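Here is what each chain is made of, one letter per residue.
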Amino acid sequence: MTRKLLAISIAAALSISAGCTNSIEAPLNSTNTAEIEVSPIEQQARIKLSQLEQMMAEARAKGIDVAREETIVWFSQQFLKFATWDEANPETIERAFSYERYYAEDKVKLAAELPDFERKKVIQILDKGIDDLGRELRGEIKRRPVNKVDWQGTKAGDNMFISNGKPIFPYDYFSKTVGQPLTNTDIYNDHLGALYHGGENLYPVDHDRAINSFLLKEDGSFDQELMAELTDIPDTNVGFLVYWLMGIPEWVEKIEPEIRKGRSLFIGFDIDNPVARDLWSKIIRKTGELTKGKKVTELGFVLANEPHWYAEKGHWTHKFQEMTSISSYTLNKFRTWLDKKYSGNIANLNTNWQSDFTGFDAVEIEIPIAPALQGTPIWYDWSRYNMDRSTDWFTFVQSELHAVNPEADTHIKIMPRMFMENARSGGIDTEALAELTTMVGHDAKSFGSKNIRPGKSSEWIEKYSYHWGLVAMFHDFMESVAPNKININSESHFLSSGQWRDLDTRTSYVRSVYWLATLLGMDANMGWFWARDPDGSPEDRLEGELDFFDPGLGGAYAGSNNMQPHVTNEVTQVMFDLNSFSEEIIALREQRRPLRFFYSETSAINTTDYMTEGYKLYESMFFEGFPLGFATKNIIQKQDNNNWDAIVVYNNKYVSDAEFDTLQSYLTNGGTVILDSQDALSMNEYGQKRTKRLAASEGKLITLNTTNIAKIKQVALAEVEEASEPEVLVKEDNGLDHKTTMWRVVSEKDGKYLLNILNFGHNTAKLQLSMKNGQSASVKNMMTSNLMDTTFELPSEGVLLLEITPQ
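Residues numbered from 1 in each chain as written. Predicted model: local features only at pLDDT ≥ 70, side-chain atom pairs only at ≥ 80, totals over all residues. Heavy atoms only, no water.

## Some details on unusual backbone geometry
In plain terms, the rule: Numbering of helices and strands runs from the N terminus, with a helix taken as a DSSP run of H or I at least four residues long and a strand as a DSSP run of E at least two residues long.
Ile367 connects to Pro368 through a cis peptide bond whose omega is 10°. The omega angle of the peptide bond from Trp528 to Phe529 is -10°, so this bond is cis rather than trans. With respect to the element layout, Phe529 can be found in the loop between strand S12 (524-527) and helix H17 (553-556). Its identity is not glycine, yet Asn164 carries a phi of approximately 55°, on the positive side. Looking at the secondary structure, you find Asn164 in the loop between strand S2 (161-163) and strand S3 (166-168). A positive phi angle is found at Ser697, which is not glycine, with a value near 50°. By the secondary structure assignment, Ser697 is in the loop between strand S16 (672-675) and strand S17 (700-703).

## Focus: the sheet that holds S16
For clarity, the threshold we go by: At least two bridges found by DSSP between two strands is the condition for calling them paired. To obtain each axis, a line is fitted to C-alpha atoms, and for helices this fit is confined to the stretch in contact; angles are then taken between N-to-C directions over 0 to 180 degrees.
Sheet architecture is open: 5 strands sit in the order S14-S13-S15-S16-S17, paired in parallel fashion. The strands lining the two open edges of the sheet, one partner per strand, are strand S14 (628-631) and S17. Ignoring which end each strand starts from, the neighbouring axes of this sheet average 25° apart. Two strands pair when backbone bridges link them, and S16 and S17 are joined in this way by 4 bridges, in the parallel orientation.

## Structural notes on the environment of Asp190
Applicable threshold: Per-residue accessibility, obtained with a 1.4 Å probe over protein chains only, is compared with the maximum for each type, and a residue is labelled buried under 20%, exposed over 50%, and partly exposed between these values. Should any heavy atoms of two residues lie within 4.5 Å, those residues are counted as being in contact.
Considering the arrangement of structural elements, one finds Asp190 in the loop between strand S4 (171-173) and strand S5 (196-198). Taking the relative accessible area as the measure of exposure, Asp190 reaches 21% and is therefore partly exposed. Counting along the chain gives 386 residues from Asp190 to Phe576, while the straight-line C-alpha distance between them is 9.5 Å. Dropping the residues within four chain positions of it, Asp190 is found in contact with Lys148, Val149, Trp151, Tyr171, Thr572 and Phe576.

## Focus: the packing of aromatic side chains
Quick reminder of the rule: Pairing of aromatic side chains here covers Phe, Tyr and the six-membered ring of Trp, requires ring centres within 6.5 Å, and sorts the geometry by plane angle: under 30 degrees stacked, over 60 edge-to-face, intermediate tilted. A ring is scored as having a charge over it whenever the NZ atom of a lysine or the CZ atom of an arginine sits within 6 Å of its centre and within 35 degrees of its normal.
Under the criterion given, the structure shown has 52 aromatic pairs. In this arrangement the basic side chain of Arg744 is found over the ring face of Phe622, its NZ or CZ atom lying 5.0 Å from the centre.

## Some thoughts on the pattern of salt bridges
The cut-off we apply is this: What counts as a salt bridge is simple: a side-chain nitrogen of Lys or Arg found within 4 Å of a carboxyl oxygen of Asp or Glu.
All told, the structure shown has 57 salt bridges when counted by the stated rule. Put simply, Asp278 and Lys282 hold a salt bridge, and the shortest N to O gap is 3.2 Å. Of this pair, Asp278 and Lys282 both sit in helix H9 (residues 274-290), separated by 4 residues, roughly a single helical turn. Take Lys282: its relative accessible area is 39%, and that puts it in the partly exposed class. Asp388 serves as the salt-bridge partner of Arg384, at 2.9 Å between the closest nitrogen and oxygen. Here Arg384 pairs with Asp388, and both are found in helix H12 (residues 377-404), just 4 residues apart, close to one helical turn. A network of salt bridges, in which partner residues are shared, links Glu42, Arg46, Glu87, Asp116 and Arg119.

## So, the side chain of Thr154
Rules: Definition of a polar contact: a pair of N or O atoms within 3.5 Å, with one able to donate and the other able to accept a hydrogen when the atoms are protein atoms, and with sequence-neighbouring residues admitted only if both atoms are side-chain atoms.
Relative to the helices and strands, Thr154 resides in the loop between helix H6 (107-137) and strand S1 (155-156). A polar atom in the side chain of Thr154 sits 2.7 Å from the backbone oxygen of Asp150. Contacts of Thr154, omitting those with residues within four sequence positions, involve Val149, Phe161, Ile162, Ser163, Ile168, Pro170, Val238 and Glu298.

## Some thoughts on the confidence of the model for the chain
How we decide: pLDDT runs from 0 to 100 and stands for how confident the predictor is about each residue.
Residues of the chain with pLDDT of at least 70 account for 93%, and the chain-wide mean is 93. Between residues 1-34, whose pLDDT stays under 50, and residues either more than four places distant or in other chains, the model counts 66 contacts. Confidence drops under a pLDDT of 50 for residues 547-551, and excluding neighbours within four residues, the segment shows 13 contacts in the predicted structure.

## Thoughts on the layout of surface pockets
This is how it is decided: Any residue with an atom within 4 Å of a point lines the site, the site being either a cavity, points on a 1 Å grid over the protein atoms alone where a 1.4 Å probe fits but cannot get out, or a pocket, an open set with protein on both sides within 12 Å along at least 5 of 7 lines. Grid points are joined across faces, edges and corners, and a volume is the space filled by probe spheres set on the points.
Reported here for the second largest pocket is a volume of approximately 810 Å³. Together, 32 residues line the second largest pocket, and Lys128, Asp132, Arg511, Glu570 and Asp577 are the ones closest to its centre. Of all elements in the fold, only helix H3 (67-88), H6, helix H16 (507-519), helix H18 (565-580) and strand S25 (799-806) reach the threshold of two or more residues within the lining of the second largest pocket.

## Quick word on the pairing of strand S9 (residues 410-413)
Alternating positions in S9 separate into two faces, Thr410 and Ile412 on one and His411 and Lys413 on the other, with burial throughout. One ladder, built from 3 bridges, connects strand S8 (residues 301-305) with S9; its direction is parallel. Pairing of Phe301 across the sheet is with Thr410, part of S9.

## Describing the sheet that holds strand S24 (residues 791-794)
Here we have 3 strands laid out as an open sheet, ordered S18-S21-S24, and antiparallel in their pairing. For this open sheet the edge positions go to strand S18 (728-733) and S24, each flanked by a neighbour on one side alone. If you compare each strand with its neighbour and ignore which way they point, the axes differ by 30° on average. Here strand S21 (residues 765-771) runs beside S24; their pairing, made up of 4 bridges, is antiparallel. What sits directly across from Gln768, in S24, is Thr791.

Rendered as structure tokens:
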């Protein structure tokens with residue numbers, strides 16, 4: 001990398017801190033060589049930086065922990081440097097804004113305003129740091145010292161990471177300053193995170209530290225230069241490895257012309273192709289052997305990046321040439337699948353499909369499939385098979401790894417949309433993959449502000465300050481499926497994504513969304529994304545002209561945390577606090593889920609609005625003070641049914657015989673089932689009328705004749721046993737007719753209670769706490785160690801962790 005830079009001397013920086021008005025020479029680009037005046041805003045920031053550092057010295061002398069302030073100082077210094085670079089290189093910043101169509105029209109204005117925006121945000125975080133530390137120095141608050149991640153010694157436990165004998169929530173960034181060595185402490189540190197990555201590089205496909213198809217050469221040997229990028233990862237810090245499946249070597253295409261048929265964006269080959277499987281078997285086994293026991297595998301192997309195979313006509317992924325056809329291997333496997341599904345009876349298939357195939361070996365299907373066929377047998381069969389074949393691929397991948405490294409942890413970066421959206425043509429069975437891998441993996445996101453894409457809905461913003469439901473419902477499902485597995489978000493899109501970003505993102509949102517995700521199960525997260533080199537310039541892949549798809553890397557830099565000192569600092573600050581209260585967070589999250597929503601992949605495949613309607617019911621019950629969960633056929637069969645009080649069956653018209661029989665068995669064994677209507681469970685997967693009806697037997701069967709959410713909620717809450725109800729109650733007044741305050745309670749061994757409260761509303765909420773048994777109680781804010789009244793206000797996006805002591 002070549003850049004023309006003029007040094008900013010330490011002496012100049014010190015003079016700025018002292019309030020001097022000297023000019024400094026700025027970094028150069030090809031057109032700008034002029035000196036620039038030091039911004040008055042930067043002078044102000046430098047003065048505040050010096051003030052905070054003096055306060056930190058005083059605090060250290062008094063034995064007060066200043067880890068939080070050390071991070072504020074570090075980010076302040078970094079972003080002041082970044083602002084100087086941005087100011088001296090306006091064309092580069094304009095180009096960055098131009099790649100994002102939301103900003104493109106105003107690129108010149110935005111690039112000109114960015115440096116002072118960054119400086120003002122540095123002042124914002126310094127002001128807060130001065131205020132917080134000042135209050136502690138004056139004895140007004142007492143904060144718990146930061147429990148830092150042990151980047152060298154953290155271990156994966158059964159369902160959490162452990163550092164220094166306590167639960168820990170590691171954090172970092174996915175796709176992090178490519179081109180910089182892992183040993184660069186300006187990139188890998190407590191402030192940005194220090195997880196070592198292998199194989200995370202995106203757009204274009206490259207091979208730095210990657211486990212990818214190019215490791216194997218045509219002669220069957222391994223490319224030692226590429227392999228060294230993997231084996232040379234220092235065995236010092238814990239981290240994770242990624243199977244990067246996007247590319248395929250030309251020599252493979254020459255010997256197998258079908259290798260790319262049925263590809264998807266991030267899996268650039270046919271997963272049913274035997275040549276691809278042979279290639280990857282060799283790569284997985286070799287890299288598995290070479291990395292066995294290495295610290296970089298402590299957070300597991302990511303078996304794929306955002307896998308999906310949307311097979312319906314008109315889907316937006318087809319513009320990337322995804323699933324525009326299928327290979328002969330995929331078709332033949334489908335024929336075999338159908339033969340088994342129909343027990344060899346082609347007449348039954350012909351009746352279902354309204355076809356006249358002579359045998360299963362003659363079955364044909366048009367892919368992409370027409371969306372108008374949803375709800376028909378051919379749609380169901382293909383959609384179910386598409387899920388099963390991807391699960392088969394990941395079963396193969398994990399089995400190959402475990403053949404040489406049985407203890408290797410695995411997860412898959414599943415996009416939450418594969419569960420949260422209505423479409424089920426994408427080939428991902430979220431439950432099956434969460435059951436398969438040793439850890440739960442995903443890249444959960446939220447919306448901190450409106451969707452920036454034309455025509456896209458932001459309906460949630462009418463009621464809430466951010467889209468908490470995207471985080472909550474997905475995590476509750478994953479934790480219901482795999483309650484005893486570590487949960488890793490290997491590309492968290494809480495800060496920005498292809499569909500939303502806001503340069504002036506609220507720090508209160510950042511704190512709330514990270515707190516919520518961690519409370520609901522997230523054990524580690526790698527945010528999207530960090531792309532600044534230490535000198536302030538964009539990393540290698542962002543230099544020069546880019547021509548990537550949108551949303552991709554080209555448009556990702558503009559309006560991201562790389563331009564937001566307040567956001568990037570707040571991520572670390574909230575992770576510091578979460579880790580300082582890690583035992584309390586674990587206690588709050590490991591609770592019984594008394595109400596379960598029945599989830600059927602069968603209904604999801606056949607119903608156009610399955611998740612939309614299911615979310616409405618979930619949302620209505622989320623604010624009642626106890627965790628929610630899901631029940632599926634597998635959950636009911638494999639988990640202790642005493643872990644819940646009742647199962648609510650809503651909008652589940654289509655279920656397989658196996659799903660129906662499982663619910664009946666649950667009733668027979670004394671369970672409680674609430675059906676929304678007589679039509680519930682009335683059809684099989686092919687839309688054929690079921691003659692059997694559920695019978696209460698030894699259990700309790702409640703059949704309602706309503707789709708009214710309020711009525712279903714009323715009946716469901718009545719079935720929650722008294723022992724499942726929270727011991728501390730929160731009464732909310734937010735001036736609206738819907739609740740916005742989420743709260744969770746757990747008892748402690750000493751008779752006290754932990755209470756966590758988050759306000760997702762736009763308005764300040766007036767809250768009143770009381771004990772369920774009528775006792776009086778004292779309230780302590782655990783973040784400040786101060787006592788509070790039982791009646792108080794919580795601002796929009798406020799987060800509280802309280803200790804309740806019955807009197």
